[in-house]
Amino acid sequence: VQLQASGGGLVQAGGSLRLSCAVSGLSFSSYHLGWFRQAPGKEREFVASIRRSGVYTAYADAVKGRFTISRDNAKYTVYLQMNSLKPEDTAVYYCAAKNAYSSTYNYWGQGTLVTVSS
C-alpha cells in the first residue's frame, strides 16, 4: 500500500494550495480518507476526513470554511483544497486511509510540507 502526497510548497498568507494524495495497493472506494498535519514542535493533528462515499466530510475547527476535502474514486486520489492560508497552517501534511472497520488509520503517506509566509 502506498499513499503519495504532493502539492505542498511556499505560499503567502491569504493564498491557496491544493494537496493531492495518490493511493495504490488497496480497494480505494472501501476506505475512509483523511488529512492530518504536524507543525514544528507540535503533535500531529486532524485536519479533515471524507467517508468512502464521498458524501460525508469532517473538518477541524481551525480549518472549517477554508479547507475542502474531496476524493476521486476513479483516480484513487484524495485532495485537500486550502484557501485563505494563514502562517499557523504551516506544517507537514499527511494523508491517511482507514477501512470501514477500523477506529484508527491503517495507512499513512510520507507527508508534504506547506509553508505559509506572513
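Quick look at the structure, then. (Residues numbered from 1 in each chain as written. Predicted model: local features only at pLDDT ≥ 70, side-chain atom pairs only at ≥ 80, totals over all residues. Heavy atoms only, no water.)

**A short note on the overall build of the chain**
1) Next: Helix and strand counts for the chain stand at zero helices and 11 strands.
2) Next: Tracing the chain from N to C terminus, the helices and strands come up as β-β-β-β-β-β-β-β-β-β-β.
3) Next: A compact globule built from 118 residues should have a C-alpha radius of gyration of about 13 Å, and the chain, at 13 Å, falls within 12% of that.
4) Next: Considering the chain as a whole, with its 118 residues, one finds that 43% of them fall into the buried category. (Helix = DSSP H or I, 4+ residues; strand = E, 2+ residues; numbered from the N terminus. Rg over C-alpha atoms; globule rule 2.2 N^0.38 Å. Buried < 20%, exposed > 50% of the residue type's maximum accessible area, 1.4 Å probe, protein only.)

**With respect to the nonpolar core**
It is characteristic of soluble globular proteins that their nonpolar side chains tend to be buried jointly.
1) Next: Ranked by size, the top nonpolar core spans 30 residues in total, and within it Trp35, Val47, Phe67, Leu80, Met82 and Tyr93 carry the most contacts.
2) Next: Broken down by secondary-structure element, the contributors of at least two residues to this core are β1 (2-6), β3 (17-24), β4 (31-38), β5 (45-50), β7 (67-72), β8 (77-82), β9 (91-99) and β11 (112-117).
3) Next: For Phe67, the residues in contact, after removing those within four places along its chain, are Arg37, Val47, Tyr59, Leu80, Gln81, Met82, Asn83, Leu85, Asp89 and Tyr93. (Core = buried A, V, L, I, M, F, W, Y, C linked by side-chain atoms within 4.5 Å. Contact = heavy atoms within 4.5 Å.)

**A word on the packing of aromatic side chains**
1) Next: Under the defined criterion, the tally for this structure stands at six aromatic pairs.
2) Next: Here the aromatic rings of Phe36 and Tyr105 are separated by 5.1 Å at their centres, their planes lie at 80 degrees, and the arrangement is edge-to-face. Here Phe36, found in strand β4, pairs with Tyr105, found in the loop between β9 and β10 (107-108); they are 69 residues apart in sequence, far enough to count as distant.
3) Next: We classify Phe36 as buried; its relative accessible area is 10%.
4) Next: Look at Phe36 and Trp108: their rings are 4.8 Å apart centre to centre, the planes differ by 55 degrees, and that puts the pair in the tilted class. Here Trp108 lies in strand β10 and Phe36 lies in strand β4, a separation of 72 residues in the sequence.
5) Next: One aromatic cluster in this structure is built from Phe36, Phe46, Tyr105 and Trp108.
6) Next: Between the NZ or CZ atom of Arg44 and the centre of the ring of Trp108, over which it lies, the distance is 3.8 Å. (Phe/Tyr/Trp six-rings, centres within 6.5 Å; stacked < 30°, edge-to-face > 60°. Lys NZ or Arg CZ within 6 Å of the ring centre and 35° of its normal.)

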